[in-house]
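If you want the building blocks of each chain, they are given just below.
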Amino acid sequence: MKLSHISLLAGLLLSSPSWALSSDTEQPIHINSNSQNFDMQSNQVTFIGDVTLKQGSIEIFADKLIVIRPQGQDGREILEAYGKPARFSQLTDDGKTLKGKADKLRYELEKEFLKMTNKAELKQDDSIIKGKVITYNMKTQKLIADGGKDERVTTILQPTQLNNK
């Protein structure tokens, strides 16, 4: 398995000290979809069809979104978005937009952990990271990109002067 640890590279890729707007997780979550199914026993809601989620500057667009609230505890939600691809965007504290897409996105609010699976791509300005799986821990600011068995991780870094335009 080709594993590329690029937390140092993330600092080069993005000039901001944090990839997430710090106030986003304190905002309410708004979800729109064509239909929803709520399972009270498992504390799980499934949204299907043209799903949009907004929390602060975070936006997720998917064909299907599952929101899991373990033990019914607020603030511990797990969001799983599926699409061809599922997409998200978020502002950083310095006002730049971070965009990502993959067939599956999993975001754990309490851990501030994002995992993007299958055709994963993370982009800011014109700099891009692509791989089979990309994980990002927002608390520790560590990013890992994995190409899987048959793929390699691709990273395109733009010179600083291009990003400052």
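Residues numbered from 1 in each chain as written. Predicted model: local features only at pLDDT ≥ 70, side-chain atom pairs only at ≥ 80, totals over all residues. Heavy atoms only, no water.

1. Regarding the overall build of the chain
Then, in step 1: Helix and strand counts for the chain stand at two helices and eleven strands.
Then, in step 2: Each helix and strand of the chain, placed in order from N terminus to C terminus, yields the pattern β-α-β-β-β-β-β-β-β-β-β-β-α.
Then, in step 3: Split into buried and exposed, the 165 residues of the chain put 41% on the buried side.
Then, in step 4: In the chain, the share of contacts with a sequence separation of at least 24, taken over all contacts with a separation of at least 6, comes to 45%.
Then, in step 5: Taken as a whole, the chain presents about 9,400 Å² of accessible surface, with 48% of it coming from carbon and sulfur. (Helix = DSSP H or I, 4+ residues; strand = E, 2+ residues; numbered from the N terminus. Buried < 20%, exposed > 50% of the residue type's maximum accessible area, 1.4 Å probe, protein only. Contact = heavy atoms within 4.5 Å. Areas by Shrake-Rupley, 256 points an atom, 1.4 Å probe, with all protein chains shown as cover.)

2. With respect to the confidence of the model for the chain
Then, in step 1: The share of residues in the chain with pLDDT of 70 or more is 80%, and the mean pLDDT across the chain is 81.
Then, in step 2: With pLDDT under 50 throughout, residues 1-19 is counted as low confidence; its partners more than four residues away or in other chains account for 49 contacts. (pLDDT = per-residue confidence, 0-100.)

3. Some words on the packing of aromatic side chains
Then, in step 1: For the coordinates displayed, the defined rule picks out zero aromatic pairs.
Then, in step 2: A cation sits over an aromatic face here: lysine 64 above tyrosine 82, 5.7 Å from the ring centre. (Phe/Tyr/Trp six-rings, centres within 6.5 Å; stacked < 30°, edge-to-face > 60°. Lys NZ or Arg CZ within 6 Å of the ring centre and 35° of its normal.)

4. Things to note about the pattern of salt bridges
Then, in step 1: A complete count under the given rule lists seven salt bridges for this structure.
Then, in step 2: A salt bridge links glutamate 80 to arginine 106; its shortest N-O distance comes to 2.3 Å. Residue glutamate 80 is found in strand E6 (residues 78-91), and its partner arginine 106 is found in strand E7 (residues 97-108); the two are separated by 26 residues along the sequence.
Then, in step 3: The exposure class assigned to arginine 106 is partly exposed, which follows from its relative accessible area of 23%.
Then, in step 4: The partner of arginine 106 in a salt bridge is glutamate 108, with the nearest N and O atoms 3.1 Å apart. (Salt bridge = Lys/Arg side-chain N within 4 Å of Asp/Glu carboxyl O.)

5. A short note on the side chain of glutamate 121
Then, in step 1: In this structure, glutamate 121 sits in strand E8 (residues 113-124).
Then, in step 2: The residues touching glutamate 121, leaving out its near neighbours within four places in the chain, are Lys99, Gly100, Lys101, Met116, Ile128, Ile129, Lys130 and Ile134.

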